[in-house]
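# Architecture at a glance
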Amino acid sequence: MCAVNGIYAYHRSAPDVDPVEAATTRDAMTRRGPDDCGLWESADHRLVLGHRRLSIIDLSEAGRQPMVSGCGRFVLCFNGEIFNYEELREELTADGERFRSSSDSEVLLKLLRRHGSDALRRLRGMFALAFWDQQTRELLLARDHFGIKPLYVADDGWQLRFASQVKALLTSRAVSRELDPAGQAGFLLTGSIPEPFTLYRAIRPLPAGHYQRCGPTGPAAPVSFLSEPSNANGNRPADLKAAVEDSIKAHLVADVPVGVFLSAGIDSAVLAALASRQNPKLEALTVGFAEYRNSDRDEVTLARQIAGRLGVRHQVSYYAREQFERDLPKVLSAMDQPSIDGLNTWIVAGAAAKAGWKTALSGLGADELFAGYPSFSDVPRWHRQASWASWVPGLGRLLRTALGPICSVLGLSPKAAGMLEYGESLGGAYLLKRGLFMPWELPGLMGRSAAREGLRRLNLVGRMDQRARRESNPAAAVSALEQGFYLKNQLLRDADWAGMSHSLEIRVPYVDTSLQQLAGGVRFNKTDLLRTAADLLPETLFERPKTGFTTPLDQWRGHPGAGWARHWAQELQCRF
């Protein structure tokens, strides 16, 4: 896990790139890669690539980046891990390639040199990369299938800048800080900023599963490399247990110890159980809070039982309100874009880093794949109940306008007034379920003009409906919405900034191309997942209701109850 950045002066009238600016951007991401750093500049001063390294695979200097090919024509800088690199290396070796390191970076360099962008579909892992061809003077940027690793781009029409973090790009005076109303509106609606926007007009994320070329004529539009299903590891597992074990095996590849975040839930328990069978030295870590002792939200008691049953070394770290008050400036500094949901990951990642870990497995992604959220039943039901309103155009909006003040007086959620208007479609019903503020509340939060522009360009319900319509049944549609919006825009992004701020690589075996091929479309549920490791886990796990790993942030910020997230979002809005 690392950080990448670069500047490409593609326009012939653009000034040469400034290596000092590139080094400043790179070093704004030092926590992502404290082990080493590198900077490469083309001989004509039109391109500079930067890299910070967190050494996980091949700890030697042979894995340094930016990495130049033996012929000197190609240069790679890469953030992430390629979990099937050993298979790809064997294949390349059989074709006559020779390697000077045991790193996945060198395998990736040679694979891209041979196959160009066609190589991307063959990768199993999490990655964001920049690949330069000195002969064609073309820069290739690419990002993994699910968007696990971030990559942001700023193009001013003369120079293209990119980096692993938004805040790093903002160290350049050439990148405007003008706020983007679409990003602001997206944050207030969902608690994170939905792609393809950021908080700033000048910065855009490269979409997940896409590559983008930039040559002497400027950047082309991003292109998806997901048009055909990939079978990254060649042999597709035949059943769910084999597929989960296969993904865990791939995610355990490292030259440093790998631990696991263990809560009292099914996802992390299965992960710990199956991983411990492959790695007997596996360590587990649980974070507890005094506010949750002896309640349904207490993760520690059952986590201890699970760890004891598995026979893994288990550490418990308690986190207190006083620590949060001290750490809040650090959290806000590390948070790359505003998010209401990353504090829990920041806390557990910090505890892992204090324990000496550099890599950890997380159960993120299982709820989206195995229908673990209440949204899988609520969203289709709400849509069925409200779909009749679509027969009378404008009825839902009329009722929402009329009922809004009544709901406010009665202390009901603002969502109640919009049930008919937004429940008409699956996308609208999903926004009702996941939404923080509702669209009609935004003028009061960000101004009427900015709200109008932000909502128009964001078109969030339209994009959600478009995504849902590609699926064959409601459960698959909700899974696609959870993966494409909540998981990608919030959970995975939070795992990246929160983990990397502690120089900790967080790996997500449930977010895997091979596992997705077998289990995508909700072919299995949480009971099926639990059965893959049922003989290894305590029976009490089967009886525990789902709670999720949360923090007592509502109590710490003085807003206990269901509305805490709205208060926290407004606080974050003021701080960014």
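Scroll up for the structure.
As the structure is a prediction and not an experimental result, all values here were calculated from the model. (Residues numbered from 1 in each chain as written. Predicted model: local features only at pLDDT ≥ 70, side-chain atom pairs only at ≥ 80, totals over all residues. Heavy atoms only, no water.)

A word on the pairing of strand S15 (residues 283-289). Among the seven residues of S15, six are classified as buried, and the element is accordingly described as predominantly covered. Here strand S14 (residues 258-261) pairs with S15 via three bridges, running parallel. Paired with Phe261 across the two strands is Leu285, which belongs to S15. Crossover S14 to S15 through helix H7 (residues 266-278) is right-handed. Note: S15 against strand S16 (residues 313-319), seven bridges, orientation parallel. (Buried < 20%, exposed > 50% of the residue type's maximum accessible area, 1.4 Å probe, protein only. Helix = DSSP H or I, 4+ residues; strand = E, 2+ residues; numbered from the N terminus. Pairing = 2+ DSSP bridges. Right-handed = clockwise from strand over helix to strand, strands pointing away.)

Attention now goes to the sheet that holds S14. Sheet architecture is open: five strands sit in the order S16-S15-S14-S17-S18, paired in parallel fashion. Of all the strands in the sheet, just S16 and strand S18 (505-507) have a single pairing partner and so form its edges. The sheet shows a mean angle of 30° between the axes of neighbouring strands, direction not considered. Along the sheet, helix H8 (residues 300-310) makes contact with S15 and S16, crossing S16 at roughly 170°. Together, S14, S15, S16 and S18 form the strand contacts of helix H10 (residues 343-354), whose direction differs from that of S15 by roughly 130°. (Axes fitted to C-alpha atoms, helices over the stretch in contact; angles between N-to-C directions. Contact = heavy atoms within 4.5 Å.)

Moving on: the state of the cysteines. Scanning the model with the defined rule gives zero disulfides in all. No disulfide involves Cys77; its sulfur sits 9.6 Å from that of Cys2, the nearest cysteine. Under the relative-accessibility criterion, Cys77 is labelled buried at 0%. (Disulfide = S-S within 2.5 Å.)

Mapped onto the elements of the fold, Arg143 is located in strand S7 (residues 138-143). Assessed through its relative accessible area of 4%, Arg143 is described here as buried. A distance of 2.7 Å separates a polar side-chain atom of Arg143 from the backbone oxygen of Leu206. (Polar contact = N/O pair within 3.5 Å; in protein donor to acceptor, adjacent residues only side chain to side chain.)

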